[in-house]
Amino acid sequence: MGSFIKDVNEIVKRTTTPTTFYNAETLTVYWETSPGIIRRILPPPLEPGPRPLVQAFVADYPRTSFCEPYREAAIFVLAQYNGQLGSYCLSMPINDDIAMGLGREIYGFPKKMANISLSKEDQRISGSVSRRDIEFFRVKAALSGKMNAGDGQQILDKYYGDGLPVFNIKYSKSADGNGFDLPPLLIGQSTSMDISVLKAAEVEVTLSDSPHDPWAELEVVKLLGGIYTVSNTILLRGSVLAKVNPVNFLPYSYLRWDWYENEGGVS
């Protein structure tokens, strides 16, 4: 019989078990956007990276160490903190409530429930993400072994070749609705990947405007291409990099919520 109270030994066992994704299937696309867009959407103390790069993925996780199979997507921009490059996560749609809660509460990922598709037929893959009846991201890829841009692979090797940490800002809204309970925290977190399949892809990307999921704000100036992988991936433990000024961060703190301007509130 289940219980609201969990055994301490079982808690220790679960928290020390690596967070693992087995045979994770991921299609990641890369493009350049406008430098001004990156400057506008990055919260301090993060600063733009040396190139206005965006990466977005759609993934299928058929087996994990912590919950049922699920699908996920995300969009990141290249950023830096104290000279360290990383990928700042702007949005992470997901279709499992347990995985959503874990990612939001532990690492600060801006996760929201969504409808996500990823399908592969021979050497072609397509993926999409939609919420509230709006499909705001769609990608089609041909696993041709090359990317859209002639220098696409060179750019990826230069900025992502050694693997980058993900930057998130973890916070808790105050109970009275004004500000935060504690100072928001800049979190750095990395992954370890054992890749069994890796193929470059030529991609088509469609970004559609959504008031709740504004991926289209990151307009495609130069489409670099895509990478398809199958891997066993371990989510490594995160660490606190800095306390974040709560006043400065407030305008950036609604990544995890839908905003209804006509109703003057969020959900």
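Bear in mind the structure is a predicted one, so any value in this text is a computation, not a measurement.

Trainee: I'd like a description of the packing of aromatic side chains, backed by residues and values.
Mentor: Summed over all chains, the structure comprises 14 aromatic pairs. A centroid spacing of 4.6 Å and a plane angle of 50° characterise the contact between F21 and Y61, whose relative ring orientation is tilted. On the criterion of sequence distance, the pair formed by F21 in strand β1 (residues 19–32) and Y61 in strand β3 (residues 53–61) is long-range, its members being 40 residues apart. Under the relative-accessibility criterion, Y61 is labelled buried at 8%. By the ring-pair criterion, three or more aromatic residues cluster together here, those being F21, Y61, F66 and Y70. Taking the ring centre of W257 as reference, the NZ or CZ of R104 above it sits at 5.1 Å. For K173, the ring lying beneath its charged end belongs to Y254, and the centroid distance is 4.0 Å.

Trainee: Can you break down the pattern of salt bridges residue by residue, with the values?
Mentor: A complete count under the given rule lists 12 salt bridges for this structure. Put simply, R14 and E10 hold a salt bridge, and the shortest N to O gap is 3.1 Å. Highlighted residues: R14 and E10, both in helix α1 (residues 8–16), separated by four residues, approximately one helical turn. With relative accessibility at 32%, the residue E10 sits in the partly exposed group.

Trainee: Explain the environment of R63 to me, using residue names and the numbers behind them.
Mentor: By the element assignment, R63 lies in strand β4 (residues 63–64). For R63, a relative accessible area of 49% corresponds to the partly exposed category. Contact partners of R63, with chain neighbours within four places excluded, come to T20, F21 and Y22.

Trainee: Could you give an account of the pairing of strand β12 (residues 185–189), with specific residues and numbers?
Mentor: With four of five residues buried, β12 is to be regarded as a mostly interior element. Pairing of strand β11 (residues 166–170) with β12, which is carried by five bridges, proceeds in the antiparallel orientation. Residue pairing across strands places K170 opposite L185, the latter belonging to β12. The sheet contact formed by β12 and strand β15 (residues 239–243) spans four bridges and is antiparallel. Among the inter-strand pairings, G188 is bridged to a residue of β15, identified as S239.

Trainee: Explain the nonpolar core residue by residue, including any values.
Mentor: The nonpolar side chains of a soluble globular protein tend to be buried, and buried together. With 42 residues, the main nonpolar core has V77, F137 and L218 as its most contacted residues. Tallying contributions element by element places strand β5 (residues 70–81) first for this core, with five residues. The contacts of L218, once residues within four sequence positions are left out, are W31, T33, I37, I38, I41, V54, I75, V77, L90 and L207.

Trainee: Residue-level account of unusual backbone geometry, with values.
Mentor: Of note, the bond from P44 into P45 is cis; its omega dihedral lies within 30 degrees of zero at 15°. For P45, the location among the structural elements is in the loop between α2 (35–41) and β2 (47–48). The phi torsion at N23 lies on the positive side, around 55°, for a residue other than glycine. Structurally, N23 can be placed in strand β1. Its identity is not glycine, yet D122 carries a phi of approximately 55°, on the positive side.

Thresholds, definitions, all that
- Residues numbered from 1 in each chain as written.
- Predicted model: local features only at pLDDT ≥ 70, side-chain atom pairs only at ≥ 80, totals over all residues.
- Heavy atoms only, no water.
- Phe/Tyr/Trp six-rings, centres within 6.5 Å; stacked < 30°, edge-to-face > 60°.
- Helix = DSSP H or I, 4+ residues; strand = E, 2+ residues; numbered from the N terminus.
- Buried < 20%, exposed > 50% of the residue type's maximum accessible area, 1.4 Å probe, protein only.
- Lys NZ or Arg CZ within 6 Å of the ring centre and 35° of its normal.
- Salt bridge = Lys/Arg side-chain N within 4 Å of Asp/Glu carboxyl O.
- Contact = heavy atoms within 4.5 Å.
- Pairing = 2+ DSSP bridges.
- Core = buried A, V, L, I, M, F, W, Y, C linked by side-chain atoms within 4.5 Å.

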